[in-house]
Structures are given as C-alpha cells and as structure tokens.
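Remarks on the overall topology
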Amino acid sequence: MKWAVILFMALSVVGVLIYRFAPVPFTPLMGLRMVEAIGNGELPECHHRWVPLEEISPYLPVAVMASEDQLFLEHHGFDFHSLRQVVEERQSGKRFRGGSTISQQTAKNLFLWPGGWIRKGLEAWFTILIELTWPKERIMECYLNSIEMGPGIYGAEAVAQQHFGCSARQLSRSDCALIAATLPNPRKMSSQHPSRYVRKRQGQIQKQMKHFNFLK
C-alpha cells in the first residue's frame, strides 16, 4: 500500500508537469460521456480542439471568472469564503451553487471523474499541485480547453464552432457571457438555444464582467 501511494504521487506529479506545457488531447470526462452514450444506444460525440489562450477571445476568461470564480486571480486553489457560503446554503435548505474554484474544476476535468468523496480528496491533491507549478494563465488555458460546454462539446473552440459558427478568437463579449451562463449545467442549459433563465444569467454576468481585468 505504501509503495502504491508513493507511485501514485509520483505519477500525478509527472502528469501535472507534462500538462504544464503540453496540450491536453483527451480527458476522463470525454471518455465517460462517450461510454454513457454507447450504453444508451446513441452515437458518441466528442467535439474538441485545443487552442492556446491567445487564440481565445479575451472576454471568455473574464466571463468565467465573473460567473464561476470571482477570486480566481487571488486565491491559491481554494475559495474558503465561498465554501462557507455553500455550507450555509445547504443548512438553510436554499438552492445552493457549487463551491469549486476554476483550479479545482481544472484538476477534476484533466485528471479525474465526476462525483464521489474519494474523487474530492484526489481533486484537492491535484489542485495543490497545479497551483504550485502552473501560472494562472495556464490554469485558465487548460480550463477553457477542457470544460464541458454542451453535449459532446468540450472547450472554447468547439463551442464557438458548434454554437456560434466562428472561432474561439471571434467570440463576442455577449457570446462569452452566454457560454459562461451555461457552465453550471451545460448538458441542460444551452448557449445555442438559451432559455429565459440562461438569458437572465447572461445579463447578470455581463454586468459583473466590468469588475474584472483581462488576463495578460
């Protein structure tokens, strides 16, 4: 058991260091979704194309920070204030939001799978490694290239092509806010056919975006 733990830790460090520089071609979630589709008798789809951060609209990082993680540039992987708010919302019986930061979501998307307490523990470990070895720009780059943005759609370039008929670089400020509005549940909330609720979130995110700086 001791050597298994040591081996896992060593491999995880190597994996994080490789993805510090190399594009991420495929993630566990992509594979899981394809298996789910086959199990449901459907044709699996995986639209994904890696592009560097400079080829993504500068409005998209701003939109996802406004929507998903407003302290992204300040925290070191964990937003304990938001976590406390989530706990309070759960205890009060209110509809609660997720408390994961962009760094945590990146760790999960690149190395792990959805759900489970074991995964949460491993997510914390990978988040620490990522924050120690990657700059914020690289975390955002990997996040925007791996996040699920619709059924079978992963990353900024794929959602731009599939839903907006353009490249990720050409996404407008409004487009980026709309994409960010769907991220809490991209399999049910669509940036291609947005509901009234998604449009409302889009407007709220656009208002918040003016308070955030662009990544350099």
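Residues numbered from 1 in each chain as written. Predicted model: local features only at pLDDT ≥ 70, side-chain atom pairs only at ≥ 80, totals over all residues. Heavy atoms only, no water.

Quick look at the overall build of the protein
Helices and strands together make up the secondary structure of the protein, namely ten helices and three strands. Mapped in sequence order, the helices and strands of the protein form the string α-α-β-α-α-α-α-α-β-β-α-α-α. Compactness check: the protein gives a C-alpha radius of gyration of 17 Å against a globular reference of 17 Å for 216 residues, within 12% of the reference. When burial is assessed residue by residue, the protein has 45% of its 216 residues classed as buried. A separation of at least 24 residues holds for 68% of the contacts in the protein among residues at least 6 apart in sequence. Total accessible area on the protein is roughly 11,900 Å²; 58% of this is exposed by carbon and sulfur atoms. On the protein, the mean spot of the 25 positive side-chain charges and the mean spot of the 18 negative ones are 5 Å from each other. (Helix = DSSP H or I, 4+ residues; strand = E, 2+ residues; numbered from the N terminus. Rg over C-alpha atoms; globule rule 2.2 N^0.38 Å. Buried < 20%, exposed > 50% of the residue type's maximum accessible area, 1.4 Å probe, protein only. Contact = heavy atoms within 4.5 Å. Areas by Shrake-Rupley, 256 points an atom, 1.4 Å probe, with all protein chains shown as cover. Lys, Arg positive; Asp, Glu negative; His and termini not counted. Charge placed at Lys NZ, Arg CZ, Asp CG, Glu CD.)

Let's talk about the packing of helix α3 (residues 59-68) against helix α7 (residues 136-146)
In the contact formed by α3 and α7, the axes pass within 11 Å of each other and the chain directions differ by 85°. With respect to α7, the element α3 is oriented roughly perpendicular. On α7, the residues that touch L60, P61, V64, M65 and E68 of α3 are M140, Y143 and L144. Considering only residue class, the contact of α3 with α7 consists of seven nonpolar, no polar and one charged. (Axes fitted to C-alpha atoms, helices over the stretch in contact; angles between N-to-C directions. Parallel < 35°, antiparallel > 145°, perpendicular 65-115°, else oblique. Nonpolar A, V, L, I, M, F, W, Y, C, P; charged D, E, K, R; others polar.)

A short note on the packing of helix α1 (residues 2-19) against helix α6 (residues 117-133)
Contact geometry for α1 and α6: axes closest at 10 Å, N-to-C directions at 45°. The orientation of α1 relative to α6 falls into the category oblique. The two elements α1 and α6 meet at a crossing, and its hand is right-handed. Touching F8, M9, S12, V13, V16 and L17 of α1 are L122, W125, F126, L129, I130 and T133, all from α6. Per-class residue counts for the contact of α1 with α6 are ten nonpolar, two polar and no charged. (Left-handed = near helix turned anticlockwise from the far one by under 90°.)

Notes on the nonpolar core
Grouped together as the largest cluster of nonpolar side chains are 51 residues, with contacts concentrated most on V64 and M140. Those residues in contact with M140 that lie beyond four places of it in its chain are L53, P61, V64, M65, F72, I102 and L215. (Core = buried A, V, L, I, M, F, W, Y, C linked by side-chain atoms within 4.5 Å.)

As for the pattern of salt bridges
Counted according to the given criterion, the structure contains nine salt bridges. Measuring nitrogen to oxygen at the nearest pair gives 3.4 Å for the salt bridge that ties R33 to E36. Of this pair, R33 and E36 are both found in helix α2 (residues 28-39), three residues apart, which corresponds to roughly one turn of the helix. Put simply, R119 and E123 hold a salt bridge, and the shortest N to O gap is 2.2 Å. Here E123 and R119 lie together in helix α6, a separation of four residues that amounts to about one turn. For R119, a relative accessible area of 7% corresponds to the buried category. Salt bridges linked by common partners bring R33, E36, E148 and R187 together as one network. (Salt bridge = Lys/Arg side-chain N within 4 Å of Asp/Glu carboxyl O.)

Things to note about the sheet that holds strand β2 (residues 148-150)
If you trace the three strands from one edge of the open sheet to the other, you get β1-β3-β2, paired in mixed fashion. The open sheet is flanked by β1 (47-48) and β2, the only strands paired with a single partner. Pairing geometry for β1 and strand β3 (residues 153-154), over two bridges, is parallel. Residue H47 lies in a different strand from β3, and its bridge partner there is I153. (Pairing = 2+ DSSP bridges.)

Re the packing of aromatic side chains
Using the criterion set out here, one finds three aromatic pairs in the structure. For the pair F8 and F126, a centre-to-centre distance of 6.1 Å together with 90° between the ring planes defines the contact as edge-to-face. Of this pair, F8 sits in helix α1 while F126 is found in helix α6, placing the two residues 118 residues apart along the sequence. Ring plane angle 10° and centroid distance 4.6 Å describe the contact between F111 and F126, whose orientation is recorded as stacked. Within this pair, whereas F111 is found in helix α5 (residues 102-111), its partner F126 is found in helix α6, the two being separated by 15 residues in sequence. Take F111 and F126: they sit in the same class, and that class is buried. Ring-pair connections join several aromatic residues into one group, and the members of that group are F8, Y19, F111 and F126. Geometry around F72 places K136 over its ring, the cationic atom sitting 4.6 Å from the centre. Here the guanidinium or amino end of R138 rests over the ring plane of W134, the centre of that ring lying 6.0 Å away. (Phe/Tyr/Trp six-rings, centres within 6.5 Å; stacked < 30°, edge-to-face > 60°. Lys NZ or Arg CZ within 6 Å of the ring centre and 35° of its normal.)

Re helix α8 (residues 156-164)
Every buried residue belonging to α8 is among A156, E157, A158, V159, A160 and H163, and all of these are buried. Contact partners of the buried residues in α8: β1, α3, α7, β2, β3 and α9 (173-182).

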